[in-house]
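The lines below spell out each chain.
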Amino acid sequence: MAQINKVHAIDDRNLLDRTAVLSLNNAHIKETSILDQTSLAELLDMAFYARGIERGATAFLIALDQNAPYRNPNFSWFKDFRESFVYIDRIIVAASARGQGIARILYDDLFVAAQQAGQDRVVCEVNIEPPNPASEAFHLAMGFKAVGQATIHSGTKTVRYFEKTLTTVR
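Conventions we followed
- Residues numbered from 1 in each chain as written.
- Predicted model: local features only at pLDDT ≥ 70, side-chain atom pairs only at ≥ 80, totals over all residues.
- Heavy atoms only, no water.
- Helix = DSSP H or I, 4+ residues; strand = E, 2+ residues; numbered from the N terminus.
- Rg over C-alpha atoms; globule rule 2.2 N^0.38 Å.
- Core = buried A, V, L, I, M, F, W, Y, C linked by side-chain atoms within 4.5 Å.
- Buried < 20%, exposed > 50% of the residue type's maximum accessible area, 1.4 Å probe, protein only.
- Contact = heavy atoms within 4.5 Å.
- Arc of directions from axis to C-beta.
- Polar contact = N/O pair within 3.5 Å; in protein donor to acceptor, adjacent residues only side chain to side chain.
- Phe/Tyr/Trp six-rings, centres within 6.5 Å; stacked < 30°, edge-to-face > 60°.

## Notes on the overall build of the protein chain
Counting secondary structure elements, the protein chain contains five helices and seven strands. In the protein chain, the order of α-helices and β-strands from amino to carboxyl end is β-α-α-β-β-α-β-α-β-α-β-β. By the compact-globule yardstick of 15 Å for 170 residues, the protein chain fits well, its C-alpha radius of gyration being 15 Å. Each of the three principal axes of the protein chain carries a C-alpha extent, and together these read 50 × 40 × 30 Å.

## Points about the nonpolar core
One finds Ile62 and Tyr87 to be the most contacted residues of the largest nonpolar core, which totals 27 residues. Contributing elements (two or more residues each) for this core: helix H1 (18-26), helix H2 (37-46), strand E3 (59-65), helix H3 (73-81), strand E4 (86-93), strand E6 (145-152) and strand E7 (157-165). When neighbours within four sequence positions are excluded, Ile62 is seen to be in contact with Leu40, Leu43, Leu44, Ala47, Tyr49, Ala50, Tyr87, Ile88, Asp89 and Arg90.

## Let's talk about H2
Regarding H2, the residues found buried are Leu40, Leu43 and Leu44. Angularly, the buried residues of H2 cover 95° about the axis, an arc narrow enough to put them on a single face. The elements touched by buried residues of H2 are H1, strand E2 (49-53), E3 and E4. The N-capping residue of H2, defined by a side-chain oxygen 3.1 Å from the backbone nitrogen of Thr38, is Asp36.

## Here we look at the side chain of Asn25
Along the chain, the position of Asn25 falls in helix H1. Residue Asn25 is classed as buried on the basis of its relative accessible area of 0%. Beyond its immediate sequence surroundings of up to four residues, Asn25 is in contact with Thr32, Ser33, Ile34, Leu35, Phe60, Arg90 and Ile92.

## Some thoughts on H1
Those residues of H1 that sit buried are Ala20, Val21, Leu22, Leu24 and Asn25. Among the structural elements, H2, E3 and E4 are those in contact with the buried residues of H1. The N-capping residue of H1, defined by a side-chain oxygen 3.0 Å from the backbone nitrogen of Thr19, is Asp17.

## Quick look at the packing of aromatic side chains
With the rule as written, the count across this model stands at 13 aromatic pairs. With 4.6 Å between their ring centres and 40° between their planes, Trp77 and Phe81 make a pair best called tilted. Taken together, the residues Trp77 and Phe81, both in helix H3 and four residues apart, mark about one turn of the helix. What makes Trp77 buried here is its relative accessible area of 15%. Judged by its relative accessible area of 49%, Phe81 is partly exposed. Taken together, a centroid distance of 6.0 Å and an interplanar angle of 70° make the contact between Tyr107 and Phe144 edge-to-face. In this pair, Tyr107 is assigned in helix H4 (residues 102-116) and Phe144 in the loop between helix H5 (133-141) and E6, connecting sequence segments 37 residues apart. Chaining the aromatic ring pairs together yields one cluster made of Tyr70, Phe75, Trp77, Phe78, Phe81, Phe85, Tyr87 and Tyr161.

Everything listed here is a matter of coordinates, which is why it stays silent on function.
This is the structure in structure tokens:
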């Protein structure tokens with residue numbers, strides 16, 4: 001019997017299960033960073049975009065715009081070099097749901113939200129030390145271009161900065 005692809009509905013921030021988001025996030029701290037209930041609440045409060053699949057238990061994406069009061073070396077790099085942007089702080093897809101196009105669904109939804117807000121670029125960073133080649137390949141396939149690199153956290157991590165130019169909708 002052939003398996004039918006299920007449609008992945010995107011839940012807005014109001015429907016996110018913060019416990020599930022926190023659990024999924026903290027299972028992937030090597031790729032992102034650890035959060036607790038307070039830091040997650042602060043991140044969601046300043047987010048331009050915060051949506052997930054299955055209330056964030058299967059996947060979620062959190063992005064901020066240039067006006068967020070976010071203290072983060074990667075976000076600060078973009079603030080120094082770009083006047084306006086939407087910064088992808090984190091996207092995580094549960095290992096059991098990978099390969100189903102979920103990250104692409106969330107990114108495409110983010111691009112629409114950014115365009116509708118008049119933004120002309122979406123930016124992010126990808127770890128190159130420790131390496132994350134799957135993420136780098138994904139971002140290149142999604143049309144992102146490398147625009148910089150930095151070593152952060154006292155030399156323990158090196159990241160490559162990426163940017164995707166959008167056509168704004170007015």
